[in-house]
Amino acid sequence: MASISLKKLNKTYGALTVVHDIDLEIADKEFIILVGPSGCGKSTTLRMIAGLEEISNGELVIGGDLVNEVPSKDRDIAMVFQNYALYPHMTVYKNMAFGLQLRKASREVIHRKVQEAAKILDITHLLNRKPKALSGGQRQRVALGRAMVRNPAVFLLDEPLSNLDAKLRGTMRAEITKLHKRLDATFIYVTHDQIEAMTMADRIVVMKDGHIQQVDTPQNLYDRPVNMFVAGFIGAPQMNMLPSTIERRGDGYAALFDGRELPLPAHFDKNRIEPYVGRELVIGIRPENLHELPPADIASENLAPFDAVVELAEPMGSEVHLNLTAGGRNLIARVSPRFKAKIGDGVKLVVDTTNMQLFDRETERSILY
Amino acid sequence: MSMSNSTAAASGAPATARRPAKTMSRRRRQVQNALVAYSFIAPNFLGFAVFTLGPILFAFVLAFMHWDGSNAITFAGLDNFWRLFEDKAFIAAFWNTIIYTAVSVPATLACALGLAVLLNQKIFGRDFFRTAMFFPYVASLVAVAVVWNMIFNPEMGPVNMILYTLGLDPKDMPGWAADRHWAMVTVILFGIWKSMGYYMVIYLAGLQGINSELYEAADLDGANSWQKFLYVTVPQLGPTTFFVTVMLTIQSFKVFDQIYMITQGGPGTSTLVLVYHIYNEAFISWDLGYSSMIALVLFFLVLAVTVVQFRRQKED
Ligand SMILES: Nc1ncnc2c1ncn2[C@@H]1O[C@H](COP(=O)(O)OP(=O)(O)OP(=O)(O)O)[C@@H](O)[C@H]1O
Ligand SMILES: [Mg+2]
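Residues numbered from 1 in each chain as written. Chains lettered and ligands numbered in written order. Predicted model: local features only at pLDDT ≥ 70, side-chain atom pairs only at ≥ 80, totals over all residues. Heavy atoms only, no water.

### Some details on the overall build of chain B
Check the secondary structure of chain B and you find 14 helices and 2 strands. Scaling as 2.2 N^0.38, a compact globule of 316 residues should have a C-alpha radius of gyration of about 20 Å, whereas chain B reaches 27 Å, well beyond that. Overall, chain B is about 100 × 75 × 35 Å in size when its C-alpha atoms are taken along their principal axes. Every one of the 316 residues in chain B was classed for burial, and the buried ones make up 38%. Within chain B, contacts between residues at least 6 apart in sequence are counted, and of these 64% link residues at least 24 apart. Surface summary for chain B: the accessible area is close to 18,500 Å², and the carbon and sulfur share equals 69%. Placing the 20 positive and 18 negative side-chain charges of chain B at their respective mean positions leaves the two points 22 Å apart. (Helix = DSSP H or I, 4+ residues; strand = E, 2+ residues; numbered from the N terminus. Rg over C-alpha atoms; globule rule 2.2 N^0.38 Å. Buried < 20%, exposed > 50% of the residue type's maximum accessible area, 1.4 Å probe, protein only. Contact = heavy atoms within 4.5 Å. Areas by Shrake-Rupley, 256 points an atom, 1.4 Å probe, with all protein chains shown as cover. Lys, Arg positive; Asp, Glu negative; His and termini not counted. Charge placed at Lys NZ, Arg CZ, Asp CG, Glu CD.)

Following this line, the structure appears as structure tokens:
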């Protein structure tokens, strides 16, 4: 059992607090990913869990035990470092065996576990090499192998894929996910790559400036961001943010942006919207919800016309990203490659408001969630 | 020259009448460039030739001559060489040099490394201690040796006072520099103390080059401080240790000044080392031929040890 709880965890350097009151409950065998922009305190949080960084304030509980003062080696964790941190003078085999040797495992046990891990990671043929004779991807596997052989209850991974090229990153992503299923351990994974976060995590923790912004499943984070930061951070291209006002329309509401009227879907909570009537707020529309008029049979019932001027068209193959301006704002729409639009053209698009977001202008918090 | 040849070959078939002239001028330019380069090297090389290379070659020749420095030089054949085996002082000096090196190289290395590891930690007064440890290296040897002689004075030096207070019988008290059993120890201790600060600085630089993630990885692997030192620090410092070993070995084989200051090779021949013997033979006995032969032995000794060390380094 290795559930982990972080209770009001703080890290301060002198007068500077880099991690603020982190509260987080991580279930046993969960795959948790910490994301956030550079310098937001992801590594620091992970390193506090690892015991590499002292906890300035708060409690860290692993498997029911308070471990604030427990040294790293007794926390039943293993860590994969961003730069791998393999011992350069040891062979791959020794690198993987080292932790077991120090823990006085028998030679047979060490041999069996190293061979086992090497087989899973497909590095058996590299066991006698030194790290400097390996490629980045191979080093990455060895680093994973070194963590695996000890069967730790918790794996900590700090941007393990950031040194790999895009293709290899894709492969390793899938492999780490498989590894997680296979190893039955809790994974805490740090990245600033939101694709990694979305594809691998059971739950994502979005951080900014040392504060947790939101903790939720990838889909919920995408559909129901609690504030403008999370909405903008998750999803590529970024969510379009438009200043707007709310007005009553019959027994519903509509958001007004530069003369365009976007009726709010009926499922939006009226009690939350009512206080904003007549006030300015920010609406958020994901690029995939701004597109050409779809065929009638698959059209959503919440479509509102939206015209804009094309600034740039970026063909992605399967779709085209249109950079647009409307009412002095820049937006991005995702349309089909068959949609013909020239630069400078005015185009008639529609907004699917089903998943539209509403944010308070001052607090930047979501009005809906 | 080879460059102009290859360019000429590369331009190949469509050769024109202009080609030879062009090659000539290029060649001339190259010669000019080389002359400029040599003219920059020349002053330094002249100094080296006159003050180092010349004397070394002269000493090589002199090893097979008789010469007292003022009368004519006469050919000696292998006389000087055979004399080595009968010269008790030489044999003592040879073994003393080996012993001095064999003890002081690892001991200095260990002290320098230990100090570097200690003073690489965030301890109070770190900068002060770093300076204090480096100080003997820059201090004047003469002044330092005088103080050292006082501290280790058998009758009234503080070291023996402390030993006395600790309950050591005055009969068993080490006589340090004046005692033939302790003189070598004294000289070695002095050598360690004098040079460990310098090598500590080199080790400090080496330590700071070690990736701290390796220690963190070792922490997670369950290594204690000693195991981290053994399995991370020591291997990571390999190149530094090699450099320090070579420098220390050469320095130890050439040890002279501290022996001159503390024991003058005595008592008896107990601290007589090769360079001191060379000095005695050359400038006390004025037997320059024989002293050159001893210098030749020392030269080959240093060469042999250094070659072995480089070979071993390459194997790793
Ligand atoms: N020893 C230190 N002293 C002072 N500030 C520090 C120290 N170590 C880290 N910080 C600060 O703590 C903050 C969080 O750093 P951290 O390494 O956790 O960021 P991160 O989220 O991992 O960023 P990245 O994505 O760039 O790795 C940064 O602003 C950093 O400058
Ligand atoms: Mg980081």
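### Quick word on the domain arrangement of chain A
Residue and element names in this part refer to chain A. When its domains are assigned, chain A resolves into domain 1 (4–233) and domain 2 (240–360). Here the C-alpha centre of domain 2 lies 39 Å away from the C-alpha centre of domain 1. Every contact between the two is made by 8 residues of domain 1 and, on the other side, 6 residues of domain 2. For the pair domain 1 and domain 2, the two sides together bury roughly 690 Å², of which 54% comes from carbon and sulfur. A per-residue breakdown of the area domain 1 buries against domain 2 is headed by Tyr222, Met228 and Ala231, which together make up 69% of the total. Put simply, domain 1 and domain 2 have 0 salt bridges between them. (Domains from an automatic or database assignment. Buried area = accessible area lost by both parts, 1.4 Å probe. Salt bridge = Lys/Arg side-chain N within 4 Å of Asp/Glu carboxyl O.)

### Some words on the interface of chain B and chain A
Of the residues lining the interface, 15 residues belong to chain B; the matching set on chain A comes to 21 residues. Interface of chain B and chain A: buried area, both sides summed, is about 1,600 Å²; carbon and sulfur atoms make up 61% of it. Ranking the residues of chain B by area buried against chain A places Glu213(B), Leu220(B) and Asp221(B) at the top, with a combined share of 43%. Inspection of the chain B/chain A interface yields 2 salt bridges. A salt bridge links Arg150(A) to Asp221(B); its shortest N-O distance comes to 3.2 Å. At the boundary of chain B with chain A, the tally comes to 7 residue pairs in polar contact (both at pLDDT 80 or more). Sorting the residues of the side of chain B that touches chain A by element identifies α9 (212–221) and α10 (225–236) of chain B as the ones contributing at least two each. Of all the elements, α9(B) adds the most residues to the side of chain B that touches chain A, at 8 residues. (Polar contact = N/O pair within 3.5 Å; in protein donor to acceptor, adjacent residues only side chain to side chain.)

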